[in-house]
Amino acid sequence: MIKIQFGIILGLITIVLFSECRKRDSLPLQDNFVAFESAAQGISSSESSITVKLNLLNTTSTDLPLLINVTELGLTYSAQYSTTPAAVAGKISLIVPAGSNKVSFTLNKIPNAIFDGNEKLIFDILSAGSSVSIGVTKQFILNFAELVSTTSTATINGGGANFGNKVFVDISTTRQNAILRTNWDLSFYTGTDDFRVKLNSSMNMMAKQLNKIDLNSVSSADTIGFTNEVAFSPFAPTAISLPYIDYPNGDLTRTAIAAISTTASDNRVYIVNRGSVIGTSGASRGWKKIRIIRNGSNGYTIQYADIAATTFTSTDIPKDENSFYKDFSFENGITTIEPTKKKWDFAWTYFANTTNFGTGEVPYMFQDVVLLNRNVQAAKVLVSSKPFVDFAEADLNTQTFLSTQNAIATDWRSGGGPGTAPSVRTDRYYIIRDTDNNYYKLRFTALTQNNERGYPSYEAILIKRG
């Protein structure tokens, strides 16, 4: 009886959500605008180039011209820097191609050029095609020194209502790195203390171990019954699937894939469900079979193939002390997804979390999840105990900091269920201790842009410099 009632409730939820989607589909198209991804960044002495990104709220149906003005403060074009595409008479012409909602240009330092560290470039959007407006962040300032921002405000480019991107944010430099969620499958831990492998938690991936070590002996017959067991179910999630995800607090001892043993024969084959494509179709991304062994004392070897294949591909993955993980794609091999250790503080993403519907903890995909880097900590402050504007350095000692990756998670927003519009929780904010021991107070200021999910905004103010 309980199962029947639960199914009825979920069916009603589905009807409500479908109805809301249909209502939204019938609305007129929203206004489109273009803006810089952030208002300011710094380029450090060790960096030779930097990519400056601009985003549209919606994709453009035709090629869209943009004109960017460049103002130099203590710099000379061609002598100290150049741009790609090149600036002509202090202006950069860009084209946002039809079907896209983003464009970028690259600034390159001239080799052997000398910088004092106080130079700046100011970029302004002068004009855009007639089909779009110029957004609020119409100016971008590039500082020729690593920027430690005292006040940072930004809109995160999550890719819209389908939450297509995982976005890595560095508060002190106001940088964000938006990565399409399908660009990787596995992340290999590079620390010297362990050999661990994570699933791409921003896709609804799962992995289950088989009692086999020969990849070629595994076929589709080994996956009988896996369709419902090793998969996220939005309608009837079950605790039986919980061991097949990485536990959401980031504990590396609770990953779906066991620690990679020094004894090769202990490392068994896993069946990997790659989840579904981004979007509303729910089409499967397919299944893989993998086996991972150690490659000496400082690396991994992954063997992988389609379920029915009788041969497999093998790739060596070395550890890298500059990053916490080396990322891997079944299509593209080793790839760079997560920035280096000190180049990000939190990530915004669609995420494999857990919830409890009253019958125990079950895996469940959540939207708008904020995850901490491994070397970042966060503390929650309620406005009732200390208003955001009043929090100062003297208040830091009274805070309890957490280092689990889901210390914030979805705590910053509420709603989103049937009949409840999602919204930012204004009764709380967070204190962030970043990778350089800078302390910031951080609050989220918007969940949407023009009522579209996937574009949250935040404000961060420096409390204490590291």
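Up top you'll find the structure we're talking about.
Rules behind the numbers
- Residues numbered from 1 in each chain as written.
- Predicted model: local features only at pLDDT ≥ 70, side-chain atom pairs only at ≥ 80, totals over all residues.
- Heavy atoms only, no water.
- Helix = DSSP H or I, 4+ residues; strand = E, 2+ residues; numbered from the N terminus.
- Contact = heavy atoms within 4.5 Å.
- Areas by Shrake-Rupley, 256 points an atom, 1.4 Å probe, with all protein chains shown as cover.
- Lys, Arg positive; Asp, Glu negative; His and termini not counted.
- Charge placed at Lys NZ, Arg CZ, Asp CG, Glu CD.
- Pairing = 2+ DSSP bridges.
- Axes fitted to C-alpha atoms, helices over the stretch in contact; angles between N-to-C directions.
- 1 Å grid on protein atoms, 1.4 Å probe; cavity = no way out; pocket = protein on both sides within 12 Å on 5 of 7 lines; lining within 4 Å.
- Points joined across faces, edges and corners; volume = space filled by probe spheres on them.
- Nonpolar A, V, L, I, M, F, W, Y, C, P; charged D, E, K, R; others polar.
- Salt bridge = Lys/Arg side-chain N within 4 Å of Asp/Glu carboxyl O.
- Buried < 20%, exposed > 50% of the residue type's maximum accessible area, 1.4 Å probe, protein only.
- Polar contact = N/O pair within 3.5 Å; in protein donor to acceptor, adjacent residues only side chain to side chain.
- Core = buried A, V, L, I, M, F, W, Y, C linked by side-chain atoms within 4.5 Å.
- Phe/Tyr/Trp six-rings, centres within 6.5 Å; stacked < 30°, edge-to-face > 60°.

## Let's talk about the overall build of the chain
So, point 1. Tallying secondary structure elements over the chain gives two helices and 30 strands in all.
So, point 2. Counting only C-alpha atoms, the chain reaches 65 × 55 × 55 Å along its principal axes.
So, point 3. Restricting to contacts in the chain with at least 6 residues of sequence separation, those with at least 24 account for 65%.
So, point 4. As displayed, the chain has an accessible area near 21,600 Å², and 51% of this comes from carbon and sulfur atoms.
So, point 5. Averaged over its 42 positive side-chain charges, the chain has a centre that lies 4 Å from the centre of its 40 negative ones.

## A short note on the sheet that holds strand β4 (residues 64-73)
Hydrogen bonds between backbone groups are what pair the strands of a sheet, and the pairing can be parallel or antiparallel.
So, point 1. One open sheet holds the five strands; their spatial order is β2-β10-β8-β4-β6, and the pairing between them is mixed. Every interior strand has two partners, whereas the edge strands, β2 (40-42) and β6 (91-96), have only one. In this sheet, neighbouring strand axes are inclined to one another by 25° on average, regardless of whether the strands run parallel or antiparallel.
So, point 2. Relative to strand β10 (residues 139-143), β2 runs parallel, the two being bridged by three bridges. Counted as the bridge partner of alanine 40 is isoleucine 141 from β10.

## Quick look at the layout of surface pockets
So, point 1. In this model, the second largest pocket occupies a volume close to 430 Å³.
So, point 2. The wall of the second largest pocket is formed by 31 residues, among which Lys198, Gly250, Tyr325, Arg374 and Gln405 lie closest to the centre.
So, point 3. Only β12 (165-170), β15 (197-199), β21 (325-329), β23 (346-356) and β24 (361-372) provide two or more residues apiece to the lining of the second largest pocket.
So, point 4. Split into classes, the residues belonging to the lining of the second largest pocket amount to 13 nonpolar, eleven polar and seven charged.

## So, the pattern of salt bridges
So, point 1. Scanning the entire structure with this criterion turns up 16 salt bridges.
So, point 2. Measuring nitrogen to oxygen at the nearest pair gives 2.9 Å for the salt bridge that ties arginine 274 to glutamate 331. In this pair, arginine 274 is assigned in the loop between β17 (270-273) and β18 (287-294) and glutamate 331 in the loop between β21 and β22 (333-335), connecting sequence segments 57 residues apart.
So, point 3. The class of arginine 274 is buried, set by a relative accessible area of 4%.
So, point 4. Given the relative accessible area of 51%, glutamate 331 is considered exposed.
So, point 5. Lysine 342 is the partner of aspartate 436 in a salt bridge, and the nearest nitrogen-oxygen pair spans 3.4 Å. A residue pair is termed long-range when its members are at least 10 positions apart, and aspartate 436 in the loop between β28 (428-433) and β29 (439-449) and lysine 342 in the loop between β22 and β23 qualify at 94 residues.
So, point 6. Owing to a relative accessible area of 36%, aspartate 436 belongs among the partly exposed residues under this scheme.
So, point 7. When salt bridges that share partners are traced, they join Lys380, Asp411, Arg425, Asp427 and Arg428 into one network.

## Remarks on the side chain of serine 187
So, point 1. Looking at the element boundaries, serine 187 is found in strand β14 (residues 186-189).
So, point 2. For serine 187, a relative accessible area of 6% corresponds to the buried category.
So, point 3. Within the local environment of serine 187, its side chain forms a polar contact with the side chain of aspartate 327, the two groups lying 2.6 Å apart.
So, point 4. With residues up to four places along the chain from it excluded, the contact list for serine 187 reads Arg196, Val197, Lys198, Tyr325, Lys326 and Asp327.

## Considering the sheet that holds β24
So, point 1. Across the sheet, four strands lie side by side as β13-β12-β23-β24; this open sheet has antiparallel pairing. Edge positions in the sheet fall to β13 (175-180) and β24, since each has one partner strand and no second. Each adjacent strand pair in this sheet contributes to an overall mean axis angle of 35°, direction not counted.
So, point 2. Relative to β23, β12 runs antiparallel, the two being bridged by three bridges.

## Focus: the nonpolar core
So, point 1. Counting 27 residues, the largest nonpolar core has Phe36, Leu54, Leu107, Leu121, Phe123 and Leu142 as its most contacted members.
So, point 2. Of all the secondary structure elements, the ones that give two or more residues to this core are β1 (33-36), β3 (49-56), β4, β6, β7 (102-109), β8 (120-128) and β10.
So, point 3. Apart from the residues within four sequence positions on either side, leucine 107 is in contact with Ile43, Ser48, Ser49, Ile50, Tyr81, Ser82, Thr83, Leu121, Phe123, Leu142 and Phe144.

## Quick word on the packing of aromatic side chains
So, point 1. Scanning all chains against the criterion turns up 23 aromatic pairs.
So, point 2. Aromatic side chains tyrosine 77 and tyrosine 81 sit 5.0 Å apart centroid to centroid with 85° between the ring planes, which places their arrangement in the edge-to-face category.
So, point 3. A relative accessible area of 1% places tyrosine 81 in the buried class.
So, point 4. Taking the centre distance of 5.4 Å and the plane angle of 75° together, the rings of phenylalanine 357 and tyrosine 364 count as edge-to-face.
So, point 5. On the basis of relative accessible area, phenylalanine 357 is assigned to the partly exposed category, the value being 39%.

## Re empty space enclosed by the protein
So, point 1. One pass over the full model with this rule turns up one cavity of 30 Å³ or more.
So, point 2. The computed volume of the largest cavity comes to approximately 40 Å³.
So, point 3. Around the largest cavity, the lining residues are Leu199, Asn200, Ser201, Met203, Met205, Ile245, Asp246 and Ala352.
So, point 4. When grouped by side-chain class, the residues that make up the lining of the largest cavity number five nonpolar, two polar and one charged.

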